Amino acid sequence: RDRKLTQFIIPLMSCSARLPVYGLLLGFLFLGQAAWKPGLAMTGVYLFSIIIGALVAAVIDKFMKKEGKSFLMMELPLYRFPKMRLIFRHSFKRTLSFIKNAGPMIFSLSLVMWALTTFPNYQEEDAHVKIQSSYAAKAGRIIEPIIEPMGGDWRVGFGLITAFAAREVFVPSMAIMFNVDSEDENVQTTSLLEKMSTATNGHGEKIFTTATTVGLIIFFAVAMQCMSTFAVYRRESGSLKLALIQLVSFNVLAYILAVAAVQFVKIF
């Protein structure tokens with residue numbers, strides 16, 4: 001029971017894939033300010049992840065069937081010199097298990113995301129034009145009414161769609177959407193932040209404001225966007241239904257919290 005509960009809330013824990021997104025959004029919020037401010041904000045984001053994970057775990061715990069008192073104990077391993085033969089054998093078995101069980105689903109989802117961002121205008125050499133006319137961009141335009149309460153437009157929606165391939169893809173997706181072509185990472189980030197500060201939606205309103213950026217940070221902190229996590233949870237739980245519940249519930253919760261945060265920050 002404790003193991004299942006832990007598996008369910010793992011996506012709420014901050015991971016390295018989120019760091020590029022946090023770096024971009026916090027860099028926008030604290031542009032030109034002292035370095036300790038975004039650093040402190042990053043710490044706050046990690047604390048928020050821990051708090052929201054604890055709250056979700058407490059809620060789920062109330063609904064999970066209890067089968068008596070838990071006697072789960074976490075023991076430290078024996079301290080001894082490792083045997084390389086056993087390490088390689090164990091590593092090989094675990095890697096092979098991951099490839100066999102999670103690999104096919106990760107590959108399938110990656111293939112879908114590649115197709116959405118490549119077709120139908122796959123022969124176009126200009127990456128900006130190709131992305132603008134892709135199925136993923138069209139999907140972004142379709143979900144724009146859903147993204148608007150978060151303060152974004154279809155370009156932000158496109159970025160959120162591509163983030164399902166990998167969260168860190170959100171940053172290069174935004175760079176493509178706002179036509180930032182530099183190959184130098186520092187120059188690209190600076191140019192992207194400048195484009196973000198002046199970007200407007202179809203109503204002439206700024207897309208990236210303090211409220212919108214805070215909402216996006218909260219969305220990425222809570223949303224379930226990792227295909228690897230989805231595939232592994234499907235394997236470990238042995239239930240596609242539970243994996244889909246995790247996927248849908250966390251994304252809905254992330255959306256609700258993001259919209260609430262945007263509206264709250266707008267008021268103040």
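The rules behind the values
Residues numbered from 1 in each chain as written. Predicted model: local features only at pLDDT ≥ 70, side-chain atom pairs only at ≥ 80, totals over all residues. Heavy atoms only, no water. Helix = DSSP H or I, 4+ residues; strand = E, 2+ residues; numbered from the N terminus. Buried < 20%, exposed > 50% of the residue type's maximum accessible area, 1.4 Å probe, protein only. Contact = heavy atoms within 4.5 Å. Areas by Shrake-Rupley, 256 points an atom, 1.4 Å probe, with all protein chains shown as cover. Lys, Arg positive; Asp, Glu negative; His and termini not counted. Charge placed at Lys NZ, Arg CZ, Asp CG, Glu CD. Salt bridge = Lys/Arg side-chain N within 4 Å of Asp/Glu carboxyl O. 1 Å grid on protein atoms, 1.4 Å probe; cavity = no way out; pocket = protein on both sides within 12 Å on 5 of 7 lines; lining within 4 Å. Points joined across faces, edges and corners; volume = space filled by probe spheres on them. Nonpolar A, V, L, I, M, F, W, Y, C, P; charged D, E, K, R; others polar. Core = buried A, V, L, I, M, F, W, Y, C linked by side-chain atoms within 4.5 Å. Phe/Tyr/Trp six-rings, centres within 6.5 Å; stacked < 30°, edge-to-face > 60°. Lys NZ or Arg CZ within 6 Å of the ring centre and 35° of its normal. pLDDT = per-residue confidence, 0-100.

## A few points about the overall build of the chain
At step 1: In terms of regular secondary structure, the chain is built from 14 helices and zero strands.
At step 2: For the chain, the succession of helices and strands along the chain, N to C, is α-α-α-α-α-α-α-α-α-α-α-α-α-α.
At step 3: Counting only C-alpha atoms and orienting by the principal axes, one finds that the chain spans roughly 60 × 50 × 40 Å.
At step 4: Relative to its full complement of 268 residues, the chain shows a buried share of 35%.
At step 5: A separation threshold of at least 6 residues defines the contact pool for the chain, and within that pool the share at least 24 residues apart is 65%.
At step 6: When the accessible surface of the chain is totalled, it reaches about 16100 Å², and 66% of it is carbon and sulfur.
At step 7: Averaged over its 27 positive side-chain charges, the chain has a centre that lies 16 Å from the centre of its 18 negative ones.

## Here's the deal with helix H1 (residues 2-9)
At step 1: Burial in H1 covers these residues: Leu5, Gln7, Phe8 and Ile9.
At step 2: Of the surrounding elements, those touching the buried residues of H1 are helix H3 (36-63), helix H13 (227-237) and helix H14 (240-267).

## A closer look at unusual backbone geometry
At step 1: With an omega of 5 degrees, the peptide bond between phenylalanine 119 and proline 120 qualifies as cis.
At step 2: With respect to the secondary-structure elements, proline 120 resides in the loop between helix H5 (103-118) and helix H6 (127-132).

## Considering the pattern of salt bridges
At step 1: Evaluation of the coordinates by the stated rule reveals three salt bridges.
At step 2: In this structure, arginine 155 and aspartate 153 form a salt bridge, with 2.9 Å as the shortest nitrogen-oxygen distance.
At step 3: Given the relative accessible area of 16%, arginine 155 is considered buried.
At step 4: With a relative accessible area of 3%, aspartate 153 lands in the buried category.
At step 5: Across the pair arginine 235 and glutamate 236 runs a salt bridge, and its minimum N-O distance is 2.5 Å.
At step 6: Bridged by salt links that share partners, the residues Arg3, Arg235 and Glu236 form one connected network.

## Here we look at the layout of surface pockets
At step 1: Empty space within the largest pocket amounts to approximately 420 Å³.
At step 2: As for the largest pocket, its lining consists of 17 residues, and the residues nearest its centre are Phe8, Ile60, Met64, Tyr233 and Leu242.
At step 3: Looking at the lining of the largest pocket, the elements that each hand over two or more residues are H1, H3, H13 and H14.
At step 4: Tallied by class, the residues present in the lining of the largest pocket amount to 11 nonpolar, three polar and three charged.

## Details of the nonpolar core
At step 1: Formed by 55 residues in total, the largest nonpolar core has its most connected members in Leu160, Phe170, Leu192, Met196 and Phe208.
At step 2: If sequence neighbours within four positions are ignored, phenylalanine 170 has contacts with Val21, Leu24, Val156, Gly159, Leu160, Ala163 and Phe220.

## Quick notes on the packing of aromatic side chains
At step 1: Summed over the entire model, instances satisfying the criterion amount to six aromatic pairs.
At step 2: Between the aromatic rings of phenylalanine 8 and tyrosine 233, the centroid separation amounts to 6.1 Å while the plane-to-plane angle is 75 degrees, which identifies the pairing as edge-to-face. Placement of phenylalanine 8 in helix H1 and of tyrosine 233 in helix H13 is noted, with a sequence separation of 225 residues between them. Side by side, phenylalanine 8 and tyrosine 233 carry an identical accessibility label, which is buried.
At step 3: Between phenylalanine 170 and phenylalanine 220, the ring centres sit 4.9 Å apart and the planes meet at 65 degrees, which makes this aromatic pair edge-to-face. Taken together, the residues phenylalanine 170 in helix H10 (residues 170-177) and phenylalanine 220 in helix H12 (residues 210-222) connect sequence positions 50 residues apart.
At step 4: Connected via pairs of aromatic rings, a cluster forms that spans Phe8, Tyr233 and Phe250.
At step 5: When the ring centre of tryptophan 154 is taken as reference, the NZ or CZ atom of arginine 141 above it lies at 3.9 Å.

## Let's talk about the confidence of the model for the chain
At step 1: Across the chain, the average pLDDT comes to 83, with 93% of residues at 70 or higher.
At step 2: Mean pLDDT across the secondary structure elements of the chain bottoms out at H6, with 74, and peaks at H12, with 92.

## A look at the side chain of threonine 213
At step 1: In this fold, threonine 213 is placed in helix H12.
At step 2: Ignoring any residue separated from it by four or fewer positions in sequence, one finds threonine 213 in contact with Leu25, Phe28, Leu29 and Phe208.

## Some words on the environment of lysine 266
At step 1: Mapping lysine 266 onto the fold places it in helix H14.
At step 2: For lysine 266 and threonine 210, which are 56 residues apart along the polypeptide, the C-alpha to C-alpha distance reads 8.3 Å.

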